[in-house]
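A structural walkthrough
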Amino acid sequence: MAANGKAESPMYDYACDAVAEAPQKGVLNPPPRLLCGPGPGNAHPRVLSAMSLPEIGHLDPAFLSMMEDIKEMLRYVWQTNNAFTVPVSGTGSAAMEACVANLVEKGDKMLVGCNGYFGPRLIDMGDRYGAECIEMKKPWGEVFSYDEIKAALEEHKPKILGMVHAETSTGACQPLEGIGELCHEHDCLLIADCVTSISGVPCHLDKWGVDAAYAGTQKCLSCPPGVSPLTFSQRAMDKLMARPDKVKNWYLDMKMVASYLVGSGGGARSYHHTAPISMCYGIREALSICCEEGLEARWKRHREVAEFFWVELEKIGLECHVSKDYRLPSLTTVKVPEGVDSKKLTKLLLEKYQMEIGNGLGDLAGKVWRIGLMGYNSRFDVAMTVVAALKDGLE
Ligand code: PLP
């Protein structure tokens, strides 16, 4: 500061303004929670270690090579050969919006299965990108039959069908076998929300004819949220490439993102945005853990732990909301018994046992708890701990 009280240089004023005191918050120390709600679940310790490794540049050949590993492992986990299979920067909703922003053109009819919280989110996005959206409705906790989907496709003739494979708000798993073929007969693309199914529930994207799928990392992959798997089939890529207009979202324009993640002529990569390096380390490690375990073993583990959990719940007098025929192994909705305050119990579990379970959402608010046994937490010991805590909380 110069003697006249003015800053010495208008460019560099080193004096703080009125908000003078720097807040002193100390070292970060989050409570040690057992995360058994709808997500995030606890990250695998190996994933957390990977995320603390030193960064390298996002155009470093070592980073690009790691990106290729991520893409290859994602194809395996999703059982697809789609060339365009990438981690999108952002949480599951970013990959969801990437599907809608890139594949929906103004005026396209978009039919969406709405039997929970996340179908309507797809509708909301479709609406923002100029689609003519049609809701195909079912009560929360039920799923659509092949014939119901066929009838709706015949009636509405949409360009896009959006289905939530694993509805986190209800715990229901939507069968998708044969649906892609049905869509293709009607010149329609199938988008599948696999946020709560990826790596925990069988996903056969190519066999089911899924054209675009998105997921999250914070559920069965046991990686913190921040990047989100996305894949487009050749059919989806053809629709994107044939668009006469620009994708109406700069950040999520997959034509542009592909120039970095996939590369253009000769494989050269060009800058679009800075990849979240540590998140990419995280998903890389999470996928590597899946590949070491093997998909079949991982799917089976989720199923066996869930079956055990459901039996133990029954022993303490609790009932599941969703029919066993289409109940998700990764996320169980448990009916709140008559006269019990659901939120009071979730609060007690958090405070007494450091355990997070989820309350019901939307139509199921106050009626169910949502309990996730996903990825690293899909274990018999965790299932038993949740049952013991619930039993104590209900006594
Ligand atoms: N779809 C489903 C089925 C989800 O469960 C979630 C999140 O829980 C999302 C989409 C959105 O993902 P995110 O919250 O990571 O943005």
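Look a little higher up for the structure.
A brief look at the structure comes next. Starting from 1, residues in each chain are numbered consecutively following that chain's sequence as written. The predicted nature of this model means local features are confined to residues of pLDDT at least 70 and side-chain atom pairs, given and counted, to a pLDDT of 80 or more, with totals for whole chains, interfaces and linings taken over all residues. Hydrogens and water are ignored here; the side-chain numbers use all heavy atoms of the structure.

Let us now look at the sheet that holds strand β14 (residues 368–372). Here the rule is simple: two strands pair whenever DSSP picks up at least two bridges between them. The helix and strand labels rest on DSSP assignments: H or I over at least four residues marks a helix, E over at least two residues marks a strand, and numbering proceeds from the N terminus. A sheet is described by the order of its strands in space; here 3 strands give the open sequence β11-β14-β13, paired in antiparallel fashion. With one partner strand each, in any of the chains shown, β11 (331–335) and β13 (358–359) form the two edges of the open sheet. As judged from the 2 bridges shared by β13 and β14, these two strands associate in the antiparallel manner. In the strand pairing of β14, Gly-358 is matched with Arg-370.

Throughout, the term near means that a residue has one or more heavy atoms lying within 4 Å of the molecule or strand in question. Taken together, Thr-91, Gly-92, Ser-93, Phe-118, Arg-121, Ala-166, Thr-168, Asp-193, Val-195, Thr-196, Gln-218 and Lys-219 make up all the residues around the ligand. Between an oxygen atom of the ligand and a main-chain N or O atom of Gly-92, the distance comes to 3.0 Å. Under this definition, polar contacts are N or O atom pairs within 3.5 Å; protein pairs additionally need one hydrogen-donor-capable and one acceptor-capable atom, and for neighbouring residues in sequence, both atoms have to be side-chain atoms. Within the contact set of the ligand, an oxygen atom lies 2.8 Å away from a side-chain nitrogen or oxygen of Gln-218. When isolated, the ligand has an accessible area of 380 Å², and the protein chains bury 87% of it. Sorting the residues of the shell around the ligand by element identifies α3 (92–103) and α4 (118–128) as the ones contributing at least two each. All residues other than Ala, Val, Leu, Ile, Met, Phe, Trp, Tyr, Cys, Pro, Asp, Glu, Lys and Arg, Gly among them, are scored as polar; the first ten of these are nonpolar and the last four charged. The residue inventory of the shell around the ligand, partitioned by class, reads 3 nonpolar, 6 polar and 3 charged. Surface accessibility in these figures is a Shrake-Rupley result with a 1.4 Å probe; residues are shielded only by whichever protein chains are displayed.

What follows concerns the packing of aromatic side chains. Aromatic rings from Phe, Tyr and Trp, taking only the six-membered ring of Trp, are treated as a pair when their centres fall within 6.5 Å; an angle between ring planes under 30 degrees marks them as stacked, one over 60 as edge-to-face, and anything in between as tilted. On inspection of all chains with the given rule, the structure shows 3 aromatic pairs. Between Tyr-117 and Phe-118, the ring centres sit 5.0 Å apart and the planes meet at 80 degrees, which makes this aromatic pair edge-to-face. Judged by centre distance (5.2 Å) and plane angle (85 degrees), the rings of Phe-308 and Phe-380 are edge-to-face. Of this pair, Phe-308 sits in helix α11 (residues 295–315) while Phe-380 is found in helix α13 (residues 380–394), placing the two residues 72 residues apart along the sequence. Whether a charge sits over a ring depends on NZ of Lys or CZ of Arg being within 6 Å of the ring centre and within 35 degrees of the ring normal. The ring of Trp-310 has Arg-327 lying over it, and the distance from NZ or CZ to the ring centre is 4.6 Å. Stacked on the ring of Tyr-376, the Lys or Arg Arg-379 has its end atom at 4.8 Å from the ring centre.

Now for empty space enclosed by the protein. Only protein atoms enter the calculation, which uses a 1 Å grid: trapped sets of points that fit a 1.4 Å probe without letting it out are cavities, open sets showing protein on both sides within 12 Å along at least five of seven lines are pockets, and any residue with an atom within 4 Å of a point is a lining residue. Grid points are joined across faces, edges and corners, and a volume is the space filled by probe spheres set on the points. With the rule as written, the count across this model stands at 1 cavity of 30 Å³ or more. Here the largest cavity defines a volume of roughly 50 Å³. Looking at the largest cavity, the residues that line it are Met-67, Pro-87, Ser-89, Val-227, Tyr-260, Leu-261, His-273, Ala-275, Pro-276 and Cys-280. Mapped onto the lining of the largest cavity, the elements with two or more residues apiece are β2 (84–89) and α9 (254–261). Its residues assigned to classes, the lining of the largest cavity comprises 8 nonpolar, 2 polar and no charged.

Without other data, these values stay purely geometric and don't point to any function.
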